[in-house]
Amino acid sequence: MNVETDTLVIGGGLAGLAAANCAASHGGRVLVLEAGPQASYLCNSRLSMGFINVAMNDIEAGRDSMLRDIDAATRGHADPALADALASHAQAALRWLRDEGVTIIKGGWRPSNRAMLAPPSGIGPGLNWPGRGGDVMLRTLEARLCARGGELQRGVRARELVMSDGACRGAVAELDGRRIAIQARNVVIADGGYQANPELMRRHVTAHPEKVLMRNALTGRGDGLAMATAAGAATTGMGGFYGHVQSRDALRNPRLWPYPTVDVPISGGLVVTSGGQRFCDEGLGGVYVANAIARLDDPLDATAIFDHRCWMTRAPEFPLPANPLLVHAGATIHAADDLATLAARAGIDATGLAITVAAFNEALAAGRPEGLSPPRTPGALRPLPVLDGPFYAVPLVAGVTYTTGGLAIDGLGRVKAEGGGLIAGLYAAGSCTGGHEGGPACGYTGGLGKALTFGYLAGRHIAGANAPG
Ligand SMILES: Cc1cc2nc3c(=O)[nH]c(=O)nc-3n(C[C@H](O)[C@H](O)[C@H](O)COP(=O)(O)OP(=O)(O)OC[C@H]3O[C@@H](n4cnc5c(N)ncnc54)[C@H](O)[C@@H]3O)c2cc1C
């Protein structure tokens, strides 16, 4: 079967539907292929909590302020052209999303929470997406696309790009075992990353993909990465992911993911192996610690340690707090009045733990946590000494939301070629692209903000390219 269109979009998440609508707004024919067959096909956009920010800053804070925060989060690691494009256009992209009929509300007092998709997701543990912000947004954007004469085809999985003289001219896809060839002047890859592809995860992220938690829709299988690299696309920033530190029980208890996470208690305490040793700088936050856990020889050998003060004063923070949600959702939390008993209960070497905790407490008392090995930067939330019993131990797992490396793009979402230059006719947006995030501190600049802004930029560029005259 052969089909012809002006713009072909691979993936019906926020990045794909933003690109599709912007491309269709000047009258071009647009076809979106979506692998999920269901009416409410799963994707990370649909599961998201709905906070739209840029590097945890207010998305309407202004270009310079956002650029500073992208730089700080990624420690200068973000591609300057992508950082500039995000900071310069995120606010206009959000305005566009509102104009499409998507309701954005104030989700809290923190800058990161000021823009939120409505209605807000619930405050209980486990997945809670039907009728919530991400779900409503995708239905709204699909309806807008149809009103513009575009089309979203469900259950169609793109497999291969069609190339001609170095330019992308369409894709080959599968529908119920049948092969469909689609000719297009432009193709946008927006398939959501490669986190759900164990082979690619093993190659780039962790030697043990079976020992990390997929806190995502399981729809980012790296198809876009595979087909674009086969066509000569360049990649960048491979090796990291955005995610959170979760209770290890989340591997078998669905009420323990995507929330609550253990990020906040860790910000007050420490993380050790079964030998009782620290192995990473907990002060760099949950995304960094989750990456460090995933890189351990055994990613299921990490336990959070903190004391009663941390549990009572720090763990109740955040809209979906570890205290009490970990308890309500049935997470294992070992507790004991002394560290030796805690170590025995949690399967940790008691001597190793005692030495580590003593060194941690001494460094905090001396005001020099950075002097520890590995160092402990004070972080956004200051560390608390492990002094007041009862003491707690929570077995951990690294939770992966989406991979942060991927296709190399320019500030308009155009895909770069391995040998230099751009691949004509090929764009990418959202979690399948790299160069925005990562770096030594595993900096996060916002999954929805990135998907929205680069989908918007790619679609508008295509609309301009397709516009008559
Ligand atoms: C639980 C959770 C909470 C989150 N909360 C937030 C938040 O509050 N704020 C924030 O900024 N970010 C959040 N995120 C991250 C954010 O949701 C993502 O970064 C963003 O939605 C990615 O959008 P996308 O369009 O790139 O990918 P997706 O939304 O995943 O869409 C990709 C689509 O492509 C389809 N697809 C894949 N392969 C193919 C193929 N071969 N052919 C056709 N279709 C294909 C998939 O089925 C999927 O529908 C959260 C994520 C999760 C999982």
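Residues numbered from 1 in each chain as written. Predicted model: local features only at pLDDT ≥ 70, side-chain atom pairs only at ≥ 80, totals over all residues.

Draft legend 1. Inspection of the overall build of the protein at higher detail. Within the protein, the secondary structure is distributed over 14 helices and 20 strands. A principal-axis box enclosing the C-alpha atoms of the protein has dimensions of 75 × 40 × 40 Å. Residues classed as buried in the protein amount to 58% of the 469 residues present. Taking contacts inside the protein between residues at least 6 apart in sequence as the whole, the part at least 24 apart equals 74%. (Helix = DSSP H or I, 4+ residues; strand = E, 2+ residues; numbered from the N terminus. Buried ≥ 20, exposed ≤ 12 C-beta atoms within 10 Å, placed from the backbone. Contact = placed C-beta atoms within 7 Å.)

Draft legend 2. Fine view of the nonpolar core. By size, the foremost hydrophobic cluster in this structure holds 149 residues, and its most contacted members are Ala 19, Val 188, Ala 228 and Ala 428. Among the elements that take part in this core, helix α4 (residues 80–99) stands out by supplying 10 residues, more than any other. In this structure, this core is formed jointly by two domains, domain 1 (2–239 + 404–466) and domain 2 (242–400), each of which donates at least three residues. (Core = buried A, V, L, I, M, F, W, Y, C linked by C-beta atoms within 7 Å. Domains from an automatic or database assignment.)

Draft legend 3. Looking closely at the domain arrangement of the protein. Each domain of the protein was delimited in the assignment, giving domain 1 (2–239 + 404–466) and domain 2 (242–400). Each of domain 1 and domain 2 was reduced to a C-alpha centroid, and the two centroids are 33 Å apart. At the junction of the two partners, domain 1 supplies 21 residues and domain 2 supplies 30 residues. Partitioning the side of domain 1 that touches domain 2 into residue classes produces 10 nonpolar, 8 polar and 3 charged. (Nonpolar A, V, L, I, M, F, W, Y, C, P; charged D, E, K, R; others polar.)

Draft legend 4. Geometry of helix α13 (residues 350–365). Given a rise of 1.5 Å per residue, 16 residues ought to cover 22 Å, and the 22 Å separating the end C-alpha atoms of α13 matches this to within 8%. Against β14 (270–272) and α12 (339–346) lie the buried residues of α13. Gly 367 sits one or two positions beyond α13 and adopts a positive phi of about 70 degrees. (Expected span 1.5 Å × (residues − 1).)

Draft legend 5. Representation of the packing of helix α1 (residues 14–24) against helix α5 (residues 133–147) within the structure. Packing of α1 against α5 leaves a shortest axis separation of 9 Å and a crossing angle of 25 degrees. What the angle tells us is that α1 and α5 run roughly parallel. For α1 against α5, the interelement crossing comes out left-handed. Contact residues: α1 offers Leu 14, Leu 17, Ala 20, Asn 21 and Ala 24, while α5 offers Met 137, Leu 138, Leu 141, Glu 142, Arg 144 and Leu 145. Residue classes in the contact of α1 with α5 are distributed as 8 nonpolar, 1 polar and 2 charged. (Axes fitted to C-alpha atoms, helices over the stretch in contact; angles between N-to-C directions. Parallel < 35°, antiparallel > 145°, perpendicular 65-115°, else oblique. Left-handed = near helix turned anticlockwise from the far one by under 90°.)

Draft legend 6. Structural detail: unusual backbone geometry. Pro 324 follows Asn 323 through a cis peptide bond whose omega is 20 degrees. Positionally, Pro 324 belongs in helix α11 (residues 322–328). With an omega of -5 degrees, the peptide bond between Ser 373 and Pro 374 qualifies as cis. Within the element layout of this structure, Pro 374 appears in the loop between α13 and β17 (391–403).

Draft legend 7. Broad picture of the site of the ligand. The environment of the ligand is made up of 43 residues, and the closest members are Gly 11, Gly 13, Gly 192, Gly 430 and Gly 447. Breaking the shell around the ligand down by element, the ones donating at least two residues are α1, β2 (30–34), α2 (44–47), β8 (156–164), β17 and α14 (447–466). Tallying contributions element by element places α14 first for the shell around the ligand, with 4 residues. Counted by class, the shell around the ligand contains 18 nonpolar, 19 polar and 6 charged residues. (Near = placed C-beta within 6 Å.)

Draft legend 8. Just the pairing of strand β13 (residues 241–247), in detail. Counting buried residues along β13, 7 of its 7 residues qualify, which places the element largely inside the surrounding structure. The sheet contact formed by β13 and β17 spans 7 bridges and is antiparallel. In the strand pairing of β17, Phe 241 is matched with Thr 403. (Pairing = 2+ DSSP bridges.)

Draft legend 9. Main features of the packing of helix α3 (residues 63–74) against α4. Following both chains from N to C, one finds α3 and α4 inclined at 145 degrees, their axes separated by 8 Å at the closest point. Handedness of the α3/α4 crossing: right-handed. In contact with Arg 63, Met 66, Leu 67, Ile 70 and Asp 71 of α3, α4 contributes Ala 83, Asp 84, Leu 86, Ala 87, Ser 88 and Ala 90.

Draft legend 10. Main features of helix α9 (residues 286–294). Of all 9 residues that make up α9, 9 are buried, and the element is covered over most of its length. For α9, the complete set of buried residues consists of Gly 286, Val 287, Tyr 288, Val 289, Ala 290, Asn 291, Ala 292, Ile 293 and Ala 294. Contact partners of the buried residues in α9: β13, α8 (263–268), β14 and β17.

Draft legend 11. Structural context of the environment of Gly 155. Looking at where Gly 155 falls in the secondary structure, it is placed in the loop between β7 (151–154) and β8. Note: C-alpha distance between Gly 155 and Ala 39 (116 residues apart in sequence) is 9.8 Å. Setting aside residues no more than four positions away along its own chain, Gly 155 makes contact with Pro 37 and Leu 175.

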